[in-house]
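Survey of secondary and tertiary structure
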Amino acid sequence: MFPVLDPQSKPARGLRRYVGLIEELLGLSGQGSCVQLDAPLSAYLAIDGHVPAFPDRDVALLWDERYGWAVAVEARCGEDLLVLGYLGGPVVPAPRVVARYVRRVLDGGPAGSPEPEVVPAPDLHDELAAYAPVAEAVLAVG
């Protein structure tokens, strides 16, 4: 695991943009999401729709730096989320891969492995930094 990220660092900005790209692909507003910069890095996205096996429960998409992406449903009585499955593969897959995964699960397809598998990501900060928006150039007016 990596240490806490400075919110203005390139990896932190990249993580926020990466999550934002997934939200866009899923047609989400971003109002039901958060990114955690403390170790372990993580993200939560509230998903519109329901999983056929749990039609009365809200769906969430979870990410963390150890296991990557997972689909979960809200448990009853304020308990923790119930993880249905993990996407597997790289910790930072392309946003379109994550969006396809979510749509598949919402359509009743397999959610992936129910058990998390630690995915080594020695270059995680570099992978996240690659998603950081390019800083706008500041023009000096003289």
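Further up the page is the structure itself.
Residues numbered from 1 in each chain as written. Predicted model: local features only at pLDDT ≥ 70, side-chain atom pairs only at ≥ 80, totals over all residues. Heavy atoms only, no water.

1. A short note on the environment of P116
Structurally, the position occupied by P116 is in the loop between α2 (95-106) and α3 (124-129). Judged by relative accessible area, P116 falls into the partly exposed class, the value being 36%. Apart from the residues lying within four places of it in its own chain, the contact partners of P116 are Y67 and Y86. (Helix = DSSP H or I, 4+ residues; strand = E, 2+ residues; numbered from the N terminus. Buried < 20%, exposed > 50% of the residue type's maximum accessible area, 1.4 Å probe, protein only. Contact = heavy atoms within 4.5 Å.)

2. Here's the deal with the nonpolar core
Formed by 34 residues in total, the largest nonpolar core has its most connected members in L61, W63 and W69. Those elements giving two or more residues to this core turn out to be α1 (10-26), β2 (42-47), β3 (59-64), β4 (68-73), α2 and α3. Looking at which element gives the most residues to this core, the answer is α1, with six residues. (Core = buried A, V, L, I, M, F, W, Y, C linked by side-chain atoms within 4.5 Å.)

3. Things to note about the packing of aromatic side chains
For the structure on display, the rule yields four aromatic pairs. On the numbers, 4.8 Å between centres and 50° between planes, the contact of Y18 with Y131 is tilted. Of this pair, Y18 sits in helix α1 while Y131 sits in the segment after α3, placing them 113 residues apart in sequence. The same class applies to Y18 and to Y131, which are both buried. Arranged with centres 6.3 Å apart and planes meeting at 50°, the rings of W63 and W69 form a pair that is tilted. A residue is classified by how much of its surface remains accessible, and W69, at 1% relative accessible area, is buried. (Phe/Tyr/Trp six-rings, centres within 6.5 Å; stacked < 30°, edge-to-face > 60°.)

4. Topic: α2
The end-to-end C-alpha distance of α2, which contains twelve residues, comes to 17 Å, matching closely the 16 Å that a straight helix rising 1.5 Å per residue would cover. What α2 keeps buried is the set P95, V98, A99, Y101, V102 and V105. Along the axis of α2, the buried positions cluster into a sector of 155°, meaning they face one direction only. Structurally, α2 contributes buried residues whose contacts are with α1, β2, β3, β4 and β5 (82-86). Two residues or fewer past α2, G108 is found with a positive phi of approximately 95°. (Expected span 1.5 Å × (residues − 1). Arc of directions from axis to C-beta.)

5. Comments concerning the layout of surface pockets
In this structure, the largest pocket encloses a volume near 200 Å³. If you go around the largest pocket, you meet 15 residues; those closest to its centre are S42, A43, L62, W63 and D64. Mapped onto the lining of the largest pocket, the elements with two or more residues apiece are β1 (33-36), β2, β3, β4 and β5. Of the residues in the lining of the largest pocket, the class split is ten nonpolar, three polar and two charged. (1 Å grid on protein atoms, 1.4 Å probe; cavity = no way out; pocket = protein on both sides within 12 Å on 5 of 7 lines; lining within 4 Å. Points joined across faces, edges and corners; volume = space filled by probe spheres on them. Nonpolar A, V, L, I, M, F, W, Y, C, P; charged D, E, K, R; others polar.)

6. Structural notes on unusual backbone geometry
Cis rather than trans, the peptide bond between A39 and P40 has omega equal to -5°. Positionally, P40 belongs in the loop between β1 and β2.

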